[in-house]
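Read off the chains here:
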Amino acid sequence: MKRREKLIKLLRLSGLCGGFALFALLLLPGALLIFFGDSNSSVENGERIIPPKSIHVYRTALGTVEEIDFEEYVKGVVAGEMPSNFAEEALKAQAVAARTYSLSKVIRSGDGGYPAAHPNAPLCDGTHCQVYRSPSELESLKGSAWMKDGYKKITEAVEDTAGVLMYYNGELAYQALFHSSSGGKTENSEDVFVSAVPYLRSVESNYEDAATHKNEKTSLTYTALAETLNKKYPDRYTGNFTPSAIKIRDRTDGGRVNIIQIGNATYSGSEIREALGLKSANFSISKEPYNIVFTTNGYGHGVGMSQYGANGMAEAGFDYKEILKHYYTGVSVY
Ligand SMILES: [Zn+2]
């Protein structure tokens, strides 16, 4: 798509009249460039997509749609999704991932309508999209001292990367997914979700030493395991089984359980994670006389950027572009 078409589309999405946008783009390009910033500055390779000035966000608790300045929204997402005591370059990487992810949702909903979960806005403020907190909400949650310290740090990370997005083959990297920690290796997208995305490949995540949720144990009886699975997945039935009928059959490239057999039924690791409320599908099992123990490593789906891994890389001296290019294979950041 040509840059003007992109701008027109984004102007439409941001609520401005398309006719006005076309008129303005044809006659007042200078004024618009001042308004949106100079799109030709700091071009690494390819055309930059210029985000809209503001976006519409469904505020879950209020049940209303709020128009929020786009970069202010990104600050509220970084604050909602990553601890402010993470290193500056990790916060910048998070800012770019969050900005790319949310702009993708705005652009895609322009083609296919808004999600059923919030039919009047392209984004919501919960985990369904990305967690967003307004400055006043953050102040009441975390206090005014945090605003002067943590929020200031987040603000700087967002402003230092203002407008920067991730691209793959010159197109926006639509699936800028991230998770808390991988447990050592991230996942191929198709091993966790439906489709293979070229930049969501399994990579080592070697800097997660400080990650939470390591070697967490969940223990339950075989009976409870069978009851939970049979209730959650009525399309399959474990039948009566002995511990020897529980076997991990296959693992993904990233080390998560791909197929586990339990009695007569098989499940994906993600299905077990969901049914038992495990932190990760990266688990091992140990079989005791009456109980099975699941030991999990990492927290989240494991696809895309590991936040703890990003923080570890930042502390080891990598900058935000290096972090993003590590976790999103083959992307450009500009
Ligand atoms: Zn949502």
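For the structure, check the block above.
Asks: Explain the packing of helix H6 (residues 135–142) against helix H7 (residues 144–160) to me, and be specific about the residues and the numbers.
Replies: Where H6 contacts H7, the axes come no closer than 7 Å and their chain directions differ by 115 degrees. Here H6 and H7 pass one another in a crossing that is right-handed. Packed against H6, whose contacting residues are Leu-138, Glu-139 and Lys-142, the element H7 presents Ser-144, Trp-146, Met-147, Gly-150 and Tyr-151 at the interface. Its residues assigned to classes, the contact of H6 with H7 shows four nonpolar, two polar and two charged.

Asks: Can you explain H7? Please cite residues and give values.
Replies: Every α-helix winds through 3.6 residues per turn, so residues three or four apart in the chain are directed the same way. Taking 1.5 Å of rise per residue, the 17 residues of H7 would be expected to cover 24 Å, and the 23 Å separating its terminal C-alpha atoms lies within 8% of that figure. Turning to H7, its buried residues are Tyr-151, Ile-154, Ala-157 and Val-158.

Asks: Tell me about helix H4 (residues 70–81), and please be specific about residues and values.
Replies: Between its terminal C-alpha atoms H4 stretches 16 Å, which fits the 16 Å expected from 12 residues at 1.5 Å a residue. In terms of burial, H4 is a largely internal element, nine of the 12 residues being buried. Turning to H4, its buried residues are Tyr-73, Val-74, Lys-75, Gly-76, Val-77, Val-78, Ala-79, Gly-80 and Glu-81.

Asks: Account for the sheet that holds strand S7 (residues 216–221), with residues named and values stated.
Replies: Pairing within the open sheet is antiparallel, and its three strands lie in the order S7-S12-S11. Edge positions in the sheet fall to S7 and strand S11 (283–287), since each of these pairs with one other strand and no more. Adjacent strand axes in the sheet meet at a mean angle of 20 degrees, parallel and antiparallel pairs treated alike. Taken together, the five bridges between S11 and strand S12 (residues 291–296) define a ladder with antiparallel strand orientation.

Asks: So what's going on with the sheet that holds strand S2 (residues 64–69)? Which residues, and what values?
Replies: Judged by pairing direction, the sheet is mixed, and its three strands sit side by side in the order S2-S1-S3 without closing on themselves. Single-partner strands in this sheet number two, and they are S2 and strand S3 (123–124). Note: strand S1 (residues 54–59) against S2, six bridges, orientation antiparallel. Note that in S2 the partner of Tyr-58 across the bridge is Val-65. In this fold H4 packs onto S1 and S2, with an angle of close to 105 degrees to the strand it touches most, S2.

Asks: Mind laying out the environment of Ala-226, listing which residues take part and the relevant values?
Replies: One can find Ala-226 in helix H9 (residues 222–232). Put simply, Ala-226 and Asn-240 are 14 residues apart on the chain and 8.3 Å apart in space, counted from C-alpha to C-alpha.

Asks: Residue-level account of the pairing of S1, with values.
Replies: Between S1 and S2, which follow one another and run antiparallel, lie four residues, and Gly-63 among them has a positive phi close to 70 degrees. Pairing of S1 with S3 involves two bridges; the strand directions are parallel. Residue Val-57 lies in a different strand from S3, and its bridge partner there is Leu-123.

What counts, and at which threshold
Residues numbered from 1 in each chain as written. Predicted model: local features only at pLDDT ≥ 70, side-chain atom pairs only at ≥ 80, totals over all residues. Axes fitted to C-alpha atoms, helices over the stretch in contact; angles between N-to-C directions. Helix = DSSP H or I, 4+ residues; strand = E, 2+ residues; numbered from the N terminus. Left-handed = near helix turned anticlockwise from the far one by under 90°. Contact = placed C-beta atoms within 7 Å. Nonpolar A, V, L, I, M, F, W, Y, C, P; charged D, E, K, R; others polar. Expected span 1.5 Å × (residues − 1). Buried ≥ 20, exposed ≤ 12 C-beta atoms within 10 Å, placed from the backbone. Pairing = 2+ DSSP bridges.

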